[in-house]
Amino acid sequence: MNTRSSYLYLLPIWIYLATMVVSPLLIVFLGSLGLSPYTGYKFTLEGYAQFFAGKYVEALVFTFWNSSLATIVAVLSGYFFALYLVINKPSWWNKLSFIPLIAIYTPYLIAAFMWWTLLWPRGYISLTLNSLLLNLGLIQTPLYLVNDPYGIGIILGKVWYTFTLTFLLTYGPLQLINPEIIEAARMLGANTRVIIRRIYLPLSRYALLASSSLVFLDNFTGVSVPLVLGAAWPQYLSVLILNDVTLFFNYIMAYTSGVIYIIIAVLSGYMFFRYTKKAISYHVR
Amino acid sequence: MMGEKKTASRYLLIAVAIIFLLVGYTLALFLAPTAPSTAPPTTVQPTTLPLNEKTVYAFEWSQIEQLAKQEGKVVFSIFGGTHEQEVFSEVCRRFTAKYGIQCEVILGDWYSTVQALIADKQAGKTAGQYDVVFLWSLPFKMARENGVVWDVNLREVIPNAKKVPLLAQMFGLDMYPTDGRYVPIVWWQVVMLYRRDKLGEWPNADVPKRLDQLLDWVKKYPGRFTYCDPNKGGSGHTFLMALMYSEYTYEAFSFAGYSEERARAILYSPGKSGKNFWDYLNELEKYMYQPGNYPQGNIAAIQLFEAGEVWLLPMWIDTVLSEINEGRLKPEWVGMYIPEPGMPEPWDGVIVAFNAPHKAAALLFINFLLEDDVQAFIAAQEGTFPVVPAAWDLVPSEVKKNPAWPVNIPYGDFKAWFRYGPFYFRHAEYMNYMMQKWIDEVAKK
């Protein structure tokens, strides 16, 4: 009775999961094998062969390293900013704490265009930085800071909002660390660097890893920022999918790229939930 | 004696013939139908036929108009931005004022609109949410292949559609055959935008007047030319199509069947310049603005012009007009011209959705979109050429004076151009191939 009624109670969520999660995933997977109305229901592995043969792998590699770099920069800056606030408790923070939140309330597309206007060849940041570097003799020709083949513009655009995400995800756990432990360490002669290395970092490492996974996932799968700030080549895999669907009607490649994307996103999501669970367990204890 | 008899019978014969003629004419006079009145009928005969793709050809236009008024509403789905929404909302207001039919504009993106129609089709939904849908070539192809376009030759039914050039209506959607299931309403045009203050006034301006002179020009002015990523902006891929036509002739592509083998065979063979298409573009790239760094869209490209970074680039007339009107582009900088042998032009337009709930109103609305004054309004507001010839005369002279219009249209007269051509269309499938290969052969190198 109990088991049957519990199944009944869970029925809505099972129906939701089946229709909103499982079936789209299944459609994408079957589509990558040619089994979709857009590909003519003809089984083929052509999509995978083409994916691993050419530009799609290059796009995947670029997407991976570029979003990883953006994640590292965002996580380090967000985490150290959170550490700074926890350790120094600056008085101005109470008045200015809303500022980092602007980034997460700004739609990605608008943020991307904002950065474009700052980074394009006549943008303020581009003009300032390039004139500085040229005057110092460090460069001979101006740097391309947007739509560039290294994805500098993409990294800056992504870091702008994922910084806040990391900061918010790590600031809370850092505040939860018992201040008596820090006090005891100081009384025993530990300096700030030692306290960070031996206390803050170990006690917040799960929050750090979880936020890294989440930020990576966000960076890896986003389309607006690489679409606006990216170059003609290399492109993010998400931009290739967009073009395959809306410009070229190349559905099999869109489905195949989607499957690869999902696999990597699932792995990253798994890491996030695994470490989040550990972090929660730790804090509950 | 015999002679008298002969004469008498001749008279008798003549008399009988006269009698028969008189009787015949009298009968004809009474039985013949009366001449039609030249005055318009005061009432329209209602029809009991349902309006569908089979019966629509049997309807009088006045009956369609009456039916449209009974339907009382039309829903027009458009793509573009808020400016297009404002322009077409005004068109809608005028339509309502003229016919008393409610008109609603829905701004969306073409992809989701067509997907919604396909979903309706798959779900068997016979009354949808859109009546008239504004499209361009790729979505039209997608819609047609999925059977969501109302299967009616609109040219046969809509009176004003006959004012549109037949070639443009049948192939203006990037040479994708429309079979009249679509009617153009705007004629977009890409031309070359150049710095008039730096390069001089037309016709003495120091610009490549023919596309085969472009390479020499960029060598003379290194870093002063750019075009936008063809996968991010229409001015980029339209310009590259013009280059393709210039290198390999328009005839090699126009209305030709497509295969990847043929596309490859053409574009990897030497063109007029002696180089294959990709080598030519890579050579061009060496002398372009920030070689290898392509503006990601039409706006990104024109902003480089506005900032004084580049002096020459292909651009849409409507974008230039809008930038001047918004005060971002100095009009004294702007020079616009069409290089030889020409720049291709897409004629975007409308279809009636297969499940349009107000089909008669949809037909009436499309007819209204092609009225001379409406076309003049759209042309003036959007920066497009009208698709009916008489409309150009109605475009206000202050709009025509704007430097955003090209100075060297064929024959120097829009009506003559409209009448005699040439109309230069893009070939969607070769364009598609070129856009994908451009990434491998140009962007990645």
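Residues numbered from 1 in each chain as written. Chains lettered and ligands numbered in written order. Predicted model: local features only at pLDDT ≥ 70, side-chain atom pairs only at ≥ 80, totals over all residues.

Draft legend 1. Fine view of the sheet that holds strand β6 (residues 312–316) of chain B. Residue and element names in this part refer to chain B. The strand order β6-β5-β7 describes an open sheet built from three strands, whose pairing is antiparallel. A strand with exactly one partner marks an edge of an open sheet, and here the two such strands are β6 and β7 (334–337). For this sheet, the mean inter-axis angle between neighbouring strands, taken without regard to orientation, is 40°. Direction of pairing for strand β5 (residues 190–195) relative to β6: antiparallel, over a ladder of five bridges. Residue Tyr194 lies in a different strand from β6, and its bridge partner there is Leu312. Helix α10 (residues 234–248) contacts β5 and β6 of the sheet and is inclined by roughly 110° relative to β6. Against the sheet, helix α14 (residues 317–325) contacts β5, β6 and β7, and its axis sits at roughly 95° relative to β6. (Pairing = 2+ DSSP bridges. Helix = DSSP H or I, 4+ residues; strand = E, 2+ residues; numbered from the N terminus. Axes fitted to C-alpha atoms, helices over the stretch in contact; angles between N-to-C directions. Contact = placed C-beta atoms within 7 Å.)

Draft legend 2. A look at the nonpolar core. Membership of the largest hydrophobic core comes to 140 residues, with the highest contact counts inside it found for B:Ile351, B:Phe365 and B:Ile366. Among all residues touching B:Ile351, those that are not within four sequence positions of it are B:Val133, B:Leu135, B:Phe140, B:Ala143, B:Val149, B:Trp150, B:Arg181 and B:Tyr182. In terms of nonpolar packing, the next biggest core, distinct from the first, is built from 52 residues, A:Ile155, A:Leu165, A:Tyr171 and A:Leu217 among them. (Core = buried A, V, L, I, M, F, W, Y, C linked by C-beta atoms within 7 Å. Buried ≥ 20, exposed ≤ 12 C-beta atoms within 10 Å, placed from the backbone.)

Draft legend 3. Looking closely at the environment of B:Val152. Residue and element names in this part refer to chain B. The residue Val152 is located in the loop between α5 (137–145) and α6 (154–157) in this model. Classification of Val152 by C-beta neighbours within 10 Å gives buried; the count is 23. When the C-alpha positions of Val152 and Glu71 are compared, they lie 19 Å apart, and in sequence the two are 81 residues distant. Residue contacts for Val152: discarding those within four places in its chain leaves Glu53, Val56, Val157, Arg181 and Val352.

Draft legend 4. Fine view of the pairing of strand β8 (residues 347–352) of chain B. Residue and element names in this part refer to chain B. Within β8, six of the six residues are buried, leaving the element largely enclosed by the surrounding structure. Pairing analysis gives four bridges linking strand β3 (residues 132–135) to β8, with the strands arranged antiparallel. Within β8, the position partnered with Leu135 by the bridge is Gly349. Relative to β8, strand β4 (residues 183–187) is paired through four bridges, and the arrangement is antiparallel. Note that in β8 the partner of Trp187 across the bridge is Trp347.

Draft legend 5. How the structure looks around the sheet that holds strand β1 (residues 73–78) of chain B. Residue and element names in this part refer to chain B. Pairing in this open sheet of five strands is mixed, and the strands run β2-β1-β3-β8-β4 from one edge to the other. Looking at strand neighbours, the two that pair on one side only are β2 (102–107) and β4, the edges of this open sheet. The average angle at which neighbouring strand axes cross in this sheet is 25°, direction not considered. Relative to the sheet, helix α15 (residues 359–369) contacts β1, β2, β3, β4 and β8, its axis offset from that of β1 by approximately 60°.

Draft legend 6. Here's a closer look at the interface of chain B and chain A. Taken together, the contact between chain B and chain A spans 19 residues of the former and 17 residues of the latter. A per-element tally of the side of chain B that touches chain A places helix α20 (residues 428–443) of chain B first, with six residues. Residues of the side of chain B that touches chain A, tallied by class, amount to seven nonpolar, eight polar and four charged. (Nonpolar A, V, L, I, M, F, W, Y, C, P; charged D, E, K, R; others polar.)

None of the figures reported here should be taken as evidence of function without further support.
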